[in-house]
Amino acid sequence: MSTSTANISAAVVKDLRDKTGAPMMDCKNALVEAKGDVEQAIVLLRKRGVSVAAKKATRTTSEGSVASYIHAGGKIGVLVEVNCESDFVARTDDFKELVHDVAMHIAATDPKYIRREDVTAADFEREKDIYRTQAAQTGKPPQVVEKIVEGKMSKFYEEVCLLEQPFIKDQTVSIQQLIATKVGKLGENIAVRRFARFKVGDPNMTIAFVTAKPEAEAEQQR
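Participant: Can you help me understand the packing of helix H5 (residues 93-109) against helix H8 (residues 175-186) in this one?
Facilitator: The packing of two helices is summarised by the inter-axis angle and the distance between the axes. Relative orientation of the contacting elements H5 and H8 amounts to 175°, with a least axis distance of 11 Å. Taken as axis vectors, H5 and H8 run roughly antiparallel relative to one another. Mapping the contact onto sequence places Asp94, Phe95, Glu97, Leu98, Asp101 and His105 in H5 and Ile175, Leu178, Ile179, Lys182, Lys185 and Leu186 in H8. Broken down by class, the residue content of the contact of H5 with H8 amounts to six nonpolar, one polar and five charged.

Dropping the structure here:
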């Protein structure tokens, strides 16, 4: 027997909304489609959030806010700028929560770039050369070596690119998916533009920003 809207209790819908931040009706529809399975409903909502975010990705983000986060008793500090489309959304609690979570995540993980497209050509070639050399030493065929290199590069992006990293408060969600969820809820394109991370005693600081690259170069690094 299929699960109908009548079989989904308000308490379950509210629980799903609390976990995902998605609108109530979207939560109810996802639960119906998932036949009452909350975990499956969460997966469905995430997929839809990513889909909505992709459709809005080309829309201009000229509003937003800059937030700071201080961690470890004042030993680590982060400044981050996150953009959206309107001042109205920038002032919502949901957007403020997102900006805070992103700043906190940066403080904890110290990413070096925002997107994989922002990785410098020098870093990209250095890492790829290292992985190709390592893989070639296994004696495997060239096509297998390239597959190994591809997998290691994906791991490299996950380690150094903010959007690719698993969110520290929920390792099953990447920062990109976290943002996509908010895009689906707030109805506007949202993008991290730049950040800086400082650590007491460290002579260097991490500064990252979205760079504009030729499409061919960006495609090469995918």
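Participant: Explain helix H1 (residues 10-20) to me, please; I cannot follow it from the model alone.
Facilitator: A turn of α-helix holds 3.6 residues, and therefore any two residues three or four places apart point the same way. Within the sequence span of H1, burial applies to Val13, Leu16 and Thr20. Take H1 and look down its axis: the buried residues cluster within an arc of 65°, on one side only. Away from its buried face by more than 90 degrees, H1 exposes Ala10, Ala11 and Asp18.

Participant: I tried to follow unusual backbone geometry on my own but got confused; where do I start?
Facilitator: Negative phi is the rule for most residues except glycine; trans is the rule for most peptide bonds. Of note, Lys35 is a non-glycine position whose phi angle comes to about 55°, a positive value. Note on placement: Lys35 falls in the loop between helix H2 (24-33) and helix H3 (38-56). Given the relative accessible area of 57%, Lys35 is considered exposed. One non-glycine residue, Asp110, lies in the positive phi region at around 55°. Within the secondary structure layout, Asp110 lies in the loop between H5 and helix H6 (121-136).

Participant: Explain the nonpolar core here, please?
Facilitator: One recurring pattern in soluble globular proteins: nonpolar side chains tend to sit buried together. Val80, Phe95, Ile179, Ile190 and Val192 are the most contacted members of the largest nonpolar core, which totals 31 residues. When contributions to this core are tallied by element, the ones reaching two or more residues are strand E1 (63-71), strand E2 (76-84), helix H4 (87-90), H5, H8 and strand E5 (191-199). Formed by 13 residues, the second largest nonpolar core is a distinct cluster that contains Ala22, Cys27, Ala34 and Val38.

Participant: Can you help me understand the pairing of E5 in this one?
Facilitator: Successive side chains on a regular strand alternate, one facing one side of the sheet and the next facing the other. Sheet topology places E2 next to E5; eight bridges connect them, and they run antiparallel. Residue Asn83 lies in a different strand from E5, and its bridge partner there is Ala191. The pairing of E5 with strand E6 (residues 206-209) spans four bridges and is classified as antiparallel. Residue pairing across strands places Arg197 opposite Thr206, the latter belonging to E6. Between the end of E5 and the start of E6, which pair antiparallel, lie six residues, with Gly201 showing a positive phi angle near 90°.

Participant: When you look at the sheet that holds E1 in this model, what are you seeing that I'm missing?
Facilitator: Strands belonging to one sheet form pairs held by backbone hydrogen bonds; the direction of such a pair is parallel or antiparallel. With antiparallel pairing, the four strands of this open sheet are ordered in space as E1-E2-E5-E6. Both outer strands of the open sheet, E1 and E6, are each paired with one neighbouring strand and no more. Recorded for the sheet is a direction-independent mean angle of 10° between the axes of neighbouring strands. Relative to E2, E1 is paired through nine bridges, and the arrangement is antiparallel. In the strand pairing of E2, Gly64 is matched with Asn83. Packed on one face of the sheet, H5 meets E1, E2 and E5 and runs near 140° to E2.

Participant: Please clarify how the pattern of salt bridges should be interpreted in this entry.
Facilitator: Pairing of side chains with opposite charge becomes possible as their charged atoms draw close. Applying the stated rule across the entire model yields 15 salt bridges. The partner of Asp118 in a salt bridge is Arg115, and the shortest N-O contact between them spans 2.7 Å. The buried category is assigned to Asp118, whose relative accessible area is 5%. Residue classification places Arg115 among the partly exposed positions, given a relative accessible area of 23%. Across the salt bridge formed by Arg116 and Glu164, the nearest N and O atoms sit 3.0 Å from each other. Separated by 48 residues along the polypeptide, Arg116 in the loop between H5 and H6 and Glu164 in the loop between helix H7 (142-160) and strand E3 (166-167) bring together distant segments of the chain.

Thresholds, definitions, all that
- Throughout this document, residue positions are counted from 1 along each chain, in the order its sequence is written.
- Local features are withheld for residues below a pLDDT of 70 in this predicted model, meaning they are given only at 70 or higher, and side-chain atom pairs are given and counted only at 80 or more; totals for whole chains, interfaces and linings count all residues.
- Heavy atoms from the whole structure form the basis of all side-chain values; hydrogens and water molecules are not counted.
- To get an axis, a line is fitted to the C-alpha atoms, and for a helix only the part in contact is used. The angle between two axes follows their N-to-C directions and goes from 0 to 180 degrees.
- Helix and strand labels come from DSSP, where a helix needs a run of H or I of at least four residues and a strand needs a run of E of at least two; each type is numbered from the N terminus.
- Every angle not falling under 35 degrees, over 145, or within 65 to 115 is termed oblique; those three ranges are roughly parallel, roughly antiparallel and roughly perpendicular.
- Contacts are residue-level and defined by heavy atoms, with any inter-residue pair within 4.5 Å sufficient.
- Throughout, the ten residues Ala, Val, Leu, Ile, Met, Phe, Trp, Tyr, Cys and Pro are labelled nonpolar, Asp, Glu, Lys and Arg are labelled charged, and all others, Gly among them, are labelled polar.
- With a 1.4 Å probe rolled over the protein chains alone, any residue whose accessible area is under 20% of its type maximum counts as buried; one over 50% counts as exposed, and the rest are partly exposed.
- Think of it as the arc spanned by the lines of direction from the helix axis to the C-beta atoms.
- Residues belong to a common nonpolar core when they are buried Ala, Val, Leu, Ile, Met, Phe, Trp, Tyr or Cys residues joined through side-chain atoms within 4.5 Å.
- Strands pair, by our definition, only if DSSP identifies at least two bridges between them.
- When a carboxyl oxygen of Asp or Glu is within 4 Å of a side-chain nitrogen of Lys or Arg, the pair counts as a salt bridge.

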